[in-house]
Amino acid sequence: MKKTFAVSGMKCGHCKMNVENALKAVSGVKSAEVNLDAANVTVDYDEAAVTPEQLKAAVDNSGRYELSL
């Protein structure tokens with residue numbers, strides 16, 4: 001499933017990399033692509049392996065970022 005989530009707190013390329021890496025480290029995530037201008041991330045993930053709440057926890061714990069469900 002591919003879904004786009006709003007993410008607050010991202011300001012630069014380093015932030016983009018942190019959020020993408022945090023999501024890619026979650027088992028079941030196939031890809032994560034941040035759009036800094038739109039302040040969101042599109043995540044392709046296996047719904048049977050990971051929940052949106054787990055994605056939120058990964059982003060929220062990776063720095064000063066917050067993923068909105």
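Residues numbered from 1 in each chain as written. Predicted model: local features only at pLDDT ≥ 70, side-chain atom pairs only at ≥ 80, totals over all residues. Heavy atoms only, no water.

A. The arrangement of unusual backbone geometry in detail. Positive phi outside glycine occurs at Ala39, with the angle close to 55 degrees. Relative to the elements of secondary structure, Ala39 occurs in the loop between β2 (29-35) and β3 (40-45). (Helix = DSSP H or I, 4+ residues; strand = E, 2+ residues; numbered from the N terminus.)

B. Helix α1 (residues 13-24), seen in detail. Between the first and last C-alpha of α1 there are 16 Å, a value that for 12 residues agrees with the 16 Å anticipated at 1.5 Å per step. Of all the residues in α1, the buried ones are Cys15, Val19, Glu20, Ala22 and Leu23. The arc that holds the buried residues of α1, viewed along the axis, is 160 degrees, so those residues lie on one side. Check the buried side of α1 and you find it contacts β1 (2-8), β2, β3 and α2 (52-60). (Expected span 1.5 Å × (residues − 1). Buried < 20%, exposed > 50% of the residue type's maximum accessible area, 1.4 Å probe, protein only. Arc of directions from axis to C-beta. Contact = heavy atoms within 4.5 Å.)

C. Just the nonpolar core, in detail. Residues Val7, Val19, Leu23, Val41, Val43 and Leu55 are the most contacted members of the largest nonpolar core, which totals 19 residues. Secondary-structure elements contributing two or more residues to this core are β1, α1, β2, β3 and α2. Once residues lying within four places of it in the same chain are set aside, the contact partners of Leu55 are Phe5, Leu23, Val29, Val43, Tyr45, Val50 and Leu67. (Core = buried A, V, L, I, M, F, W, Y, C linked by side-chain atoms within 4.5 Å.)

D. Examining the sheet that holds β1 more closely. Pairing is antiparallel in the open sheet, where four strands are placed in the order β2-β3-β1-β4. Edge positions in the open sheet fall to β2 and β4 (66-68), since each of these has one partner strand only. Across this sheet, the average inter-strand angle for adjacent strands is 30 degrees, counted without regard to direction. By the bridge criterion, six bridges tie β2 to β3 in an arrangement that is antiparallel. Looking across to β3, one finds that Val29 is bridged to Tyr45. Packing against the sheet, α1 makes contact with β1, β2 and β3, and its axis sits at approximately 165 degrees to β2. Along the sheet, α2 contacts β1, β2, β3 and β4; its crossing angle with β4, the most-contacted strand, is approximately 155 degrees. (Pairing = 2+ DSSP bridges. Axes fitted to C-alpha atoms, helices over the stretch in contact; angles between N-to-C directions.)

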